[in-house]
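Residue strings, one per chain:
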2 protein chains.
Amino acid sequence: MNIAITNGLLITADDKDTCKNGCVHVNGDTISYVGAEADAPAFDADRTIDANGGIIAPGFVNTHTHVPMNLFRGFADDMKLMDWLENAIWPAEEKLDEDAVYWGSMLGMAEMIAGGVTCMNDMYMFTEAIARAADESGIRAIIGTGIVDIGGGGGGKLEKALALFDYVKGMKRVDAAIAPHAEYTVSPGMFERIRDAAKDVGSRIHVHVSESQGEHEECIKRHGTTPIGLLNKLCVLDVPTMAAHCVWVSDEDMDIMAEKGVGVLSCPRSNLKIGSGVAPTAKMLGKGITVSVATDGAGSNNNLSMMEEMTLAAFLQKGVYNDPELMPAQTAVKTATVFGAKALGLGDVTGSLEAGKQADIIVLDTSGLRYCPKNNLLNHFVYSGSDSDVSLTMIGGQVLYENGRITYADEEEIKRKASEQTDRLLK
Amino acid sequence: MNIAITNGLLITADDKDTCKNGCVHVNGDTISYVGAEADAPAFDADRTIDANGGIIAPGFVNTHTHVPMNLFRGFADDMKLMDWLENAIWPAEEKLDEDAVYWGSMLGMAEMIAGGVTCMNDMYMFTEAIARAADESGIRAIIGTGIVDIGGGGGGKLEKALALFDYVKGMKRVDAAIAPHAEYTVSPGMFERIRDAAKDVGSRIHVHVSESQGEHEECIKRHGTTPIGLLNKLCVLDVPTMAAHCVWVSDEDMDIMAEKGVGVLSCPRSNLKIGSGVAPTAKMLGKGITVSVATDGAGSNNNLSMMEEMTLAAFLQKGVYNDPELMPAQTAVKTATVFGAKALGLGDVTGSLEAGKQADIIVLDTSGLRYCPKNNLLNHFVYSGSDSDVSLTMIGGQVLYENGRITYADEEEIKRKASEQTDRLLK
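Residues numbered from 1 in each chain as written. Chains lettered and ligands numbered in written order. Predicted model: local features only at pLDDT ≥ 70, side-chain atom pairs only at ≥ 80, totals over all residues.

This part takes up the overall build of chain A. Helices and strands together make up the secondary structure of chain A, namely 15 helices and 17 strands. Expected size for 427 residues packed as a compact globule is a radius of gyration near 22 Å; at 21 Å, chain A falls within 12% of this value. Projected onto its principal axes, the C-alpha coordinates of chain A cover approximately 60 × 45 × 40 Å. Burial status across chain A gives 63% buried among its 427 residues. (Helix = DSSP H or I, 4+ residues; strand = E, 2+ residues; numbered from the N terminus. Rg over C-alpha atoms; globule rule 2.2 N^0.38 Å. Buried ≥ 20, exposed ≤ 12 C-beta atoms within 10 Å, placed from the backbone.)

Now the structure itself:
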């Protein structure tokens with residue numbers, strides 16, 4: 001099917017930083033043209049979508065999620081990290097099963113797709129159920145099976161993580177990764193086994209790094225080096241690594257991350273809510289590190305809005321480092337889109353509006369009060385907009401959200417089933 | 001007119017912290033009952049509004065705005081404070097006139113009313129035009145004429161500020177205040193004149209305090225004391241004072257503020273975006289200071305969403321002070337509602353759902369994905385919700401927003417006129 005999206009402001013998020021009026025042509029699952037209408041080649045569109053003067057942008061890449069945790073939204077807030085984990089989250093997670101994870105995933109994916117997220121990178125358990133939900137929803141996804149061999153919390157074994165690679169074969173937009181939970185829950189020996197296995201299957205590694213000050217400092221006490229230092233010493237970073245949080249990384253850590261091409265998955269809202277702090281993302285960008293923005297799970301956020309995350313990512317750097325020039329709007333957009341794609345190894349696939357990439361595209365309605373006056377639509381997108389501006393979400397050329405509803409499933413059924421699962425787990 | 005709002009979760013924001021299902025009865029402009037449907041007295045409603053299981057809450061009190069600055073939204077972002085003021089905002093403000101201020105105000109008020117704001121406290125110039133817009137919009141408002149007698153920036157004279165008190169007489173929900181801009185733009189002598197004038201007319205004083213580190217420290221150099229110390233020395237704080245920002249106030253400042261009953265108008269998003277920092281609001285609350293949350297102007301935010309401000313106000317305290325127990329959801333709601341009313345001297349008038357108060361009420365639709373599953377609607381309201389959940393806004397018993405539209409004016413005309421004024425000012 002050929003689709004033309006016309007009459008919009010293009011925010012391309014590519015190297016050219018284009019921000020001008022134009023159109024996008026979609027040929028099957030692929031973008032075939034991005035640019036001014038006047039320069040567009042002849043195109044036999046089966047469907048034309050009028051952006052009505054709104055924004056046409058790449059879909060958001062949400063680089064760190066625990067999507068089934070949508071079931072736990074709001075049930076335990078305002079608690080200290082270990083209290084929250086030990087007395088709320090872990091006991092609830094113990095009751096999880098395939099059904100709960102599937103419906104929690106369907107719920108979180110619907111929320112993301114409605115909010116313009118076209119690609120996600122997950123870490124959790126019962127990952128076959130997550131992969132099935134992603135395949136049915138149509139969202140582009142990397143699913144990492146969480147591995148834990150010390151301490152508390154859920155997490156499967158390496159064998160289970162590897163089995164997922166077979167399970168997702170044949171799924172159009174779903175891939176697998178291996179996800180050792182963190183330095184404090186995975187032994188050095190297990191990290192080495194994971195490293196070798198990841199090399200064998202050509203997987204990326206998805207891991208939590210220096211999320212809290214306590215975790216960072218206890219690692220130094222235990223191993224004489226930081227989590228990044230330890231992962232480097234164990235040659236884990238020789239495998240393409242996606243490092244979530246990185247709130248407490250040192251300057252030396254950052255140099256290692258830049259050298260090893262570690263992608264950062266920063267979760268500003270979650271880091272604030274749990275009391276972890278603010279990651280030095282502007283500094284990391286300055287060192288040439290690929291920094292992306294993510295929502296984390298709805299247990300600690302409590303929504304999966306990349307619009308809100310992008311805004312906060314920019315505001316926090318300016319405010320906490322007392323420099324309003326840090327993380328300008330154009331850069332903030334990239335942390336939520338193309339830098340995310342790069343961090344996930346999908347830089348050639350998604351994250352920007354470029355011919356040849358997959359048609360992962362969102363359209364935003366800019367007719368509302370918060371976009372008036374139209375002094376600068378890019379700035380409005382980053383600093384004034386909200387999820388509810390997203391009027392259409394397309395993934396791989398398929399329209400999965402429009403007219404306020406997801407198109408691929410019954411939203412009411414998803415909400416009902418997810419609520420039933422939650423009742424079963426929490427009551 | 002008698003209106004019953006039924007079938008909702010009541011978030012009362014009063015001392016009882018009620019959070020249970022029930023209804024509200026509105027008799028003319030006043031709340032006559034809040035509580036369980038079963039306990040409700042007989043009520044002859046002219047209209048019944050079904051909240052449909054959603055939230056019924058007090059409207060937001062936005063305690064620090066420069067509402068005409070909606071015209072400048074997005075036109076100058078990512079700039080250092082003095083660069084932004086001297087090269088963008090002040091030159092644009094020089095061209096302002098009654099018409100521009102009126103339409104900018106109508107735009108900002110429409111955005112606020114649509115986002116559930118029922119009361120605002122403004123500081124700007126051409127304040128008769130702002131008061132006229134508030135009166136026509138129906139929003140509850142205190143309008144302060146900004147006074148500046150040193151340094152740059154706009155601001156009228158004391159005589160003009162006093163004339164506004166006559167102008168607003170007869171306006172149902174609009175009151176005036178005197179608004180000396182800040183320590184660095186108002187001389188000590190002028191502060192003393194303002195103090196005496198405020199006592200004469202029974203006005204509150206609305207002033208910027210310790211917004212940036214530079215301002216705070218230069219005051220100490222100039223006067224040997226902090227801005228709060230100076231205002232106290234000048235006996236300005238003997239007049240009820242509404243102090244915006246208070247990012248850099250010292251412990252000693254806080255003790256003075258607590259003793260003098262200074263209300264804090266904290267603007268977390270603006271403080272971040274301009275690079276000022278994070279106000280110690282949890283600490284101030286702990287010292288018994290009335291802390292409220294506000295949006296500031298759309299030149300530095302860039303929207304007037306109290307939902308987003310409330311969320312960030314809570315998240316920031318947890319994150320920056322590394323304690324997730326700080327500013328729990330129930331407290332965050334109060335900073336956006338009843339504490340705001342108290343800071344403005346309207347504690348008996350608005351800010352909570354209590355019989356006898358004005359019917360300033362919002363209804364939120366909680367049927368969306370971000371409120372599912374319904375583990376805790378209060379937490380969802382604070383940590384997951386967004387402006388677009390507001391389905392109805394009532395001020396003084398009048399429904400001013402419902403079905404996605406303002407009811408008191410033509411939204412399209414406001415957007416068109418405000419855009420025309422912006423074009424005239426900025427092009």
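Placing chain A over chain B gives an RMSD of 0.0 Å and needs a rotation angle of 180°, together with 0.0 Å of translation along the axis. The transformation relating the two chain copies, once decomposed into turn and shift, fits a two-fold axis. Distance from the rotation axis, computed per C-alpha, reaches its smallest value in chain A at serine 388 of chain A: 3.3 Å. Looking at the interface residues of chain A, 100% of them are also at the interface in chain B, so both copies use one shared face. (Least-squares fit on C-alpha atoms with pLDDT ≥ 70 in both. Contact = placed C-beta atoms within 7 Å.)

A few words now on the packing of helix α4 (residues 158–167) of chain B against helix α5 (residues 188–201) of chain B. All names here are of chain B. For the pair α4 and α5, interaxial distance at closest approach is 11 Å and the crossing angle is 15°. The orientation of α4 relative to α5 falls into the category roughly parallel. Seen along the crossing, α4 lies across α5 with a hand that is right-handed. Across from Leu158, Leu162 and Phe165 in α4, the residues of α5 making contact are Arg193, Ile194, Ala197 and Val201. Considering only residue class, the contact of α4 with α5 consists of six nonpolar, no polar and one charged. (Axes fitted to C-alpha atoms, helices over the stretch in contact; angles between N-to-C directions. Parallel < 35°, antiparallel > 145°, perpendicular 65-115°, else oblique. Left-handed = near helix turned anticlockwise from the far one by under 90°. Nonpolar A, V, L, I, M, F, W, Y, C, P; charged D, E, K, R; others polar.)

On the chain B side, the residues contacting the 53 residues of chain A number 53 residues. Mapped by element, the contributors of at least two residues to the side of chain A that touches chain B are α2 (98–114), α9 (268–273), α11 (306–320), α14 (377–383) and α15 (411–426) of chain A. Per-element tally for the side of chain A that touches chain B: the top contributor is α15 of chain A, with five residues.

In this section: the domain arrangement of chain A. All names here are of chain A. The domains assigned to chain A are domain 1 (2–59 + 356–406) and domain 2 (61–343). Between the C-alpha centres of domain 1 and domain 2 the distance comes to 28 Å. Each partner contributes to the interface: domain 1 provides 23 residues, whereas domain 2 provides 24 residues. The set of elements that each furnish at least two residues to the side of domain 1 that touches domain 2 consists of α14, β15 (390–395) and β16 (398–402). (Domains from an automatic or database assignment.)

Take helix α6 (residues 213–223) of chain B next. Residues and elements named next belong to chain B. Those residues of α6 that fall on the buried side of the exposure criterion are Glu215, His216 and Cys219. When α6 is viewed along its axis, its buried side chains cluster within an angular range of 100° and face the same direction. Along its buried surface, α6 packs onto α7 (227–233). (Arc of directions from axis to C-beta.)

Residue and element names in this part refer to chain A. Mapping asparagine 301 onto the fold places it in the loop between β13 (291–293) and α11. What makes asparagine 301 buried here is the crowd of 28 C-beta atoms within 10 Å. A C-alpha to C-alpha distance of 8.6 Å links asparagine 301 and isoleucine 274, two positions 27 residues apart in sequence. With residues up to four places along the chain from it excluded, the contact list for asparagine 301 reads Arg269, Ser270, Lys273, Thr295 and Asp296.

Let us look at the environment of phenylalanine 126 of chain B. All names here are of chain B. Relative to the assigned elements, phenylalanine 126 resides in the loop between β7 (117–124) and α3 (127–137). With 34 residues separating them in the primary sequence, phenylalanine 126 and lysine 160 have C-alpha atoms 9.2 Å apart. Excluding residues within four positions of it along the chain, phenylalanine 126 makes contact with Leu96, Asp97, Glu98 and Val101.

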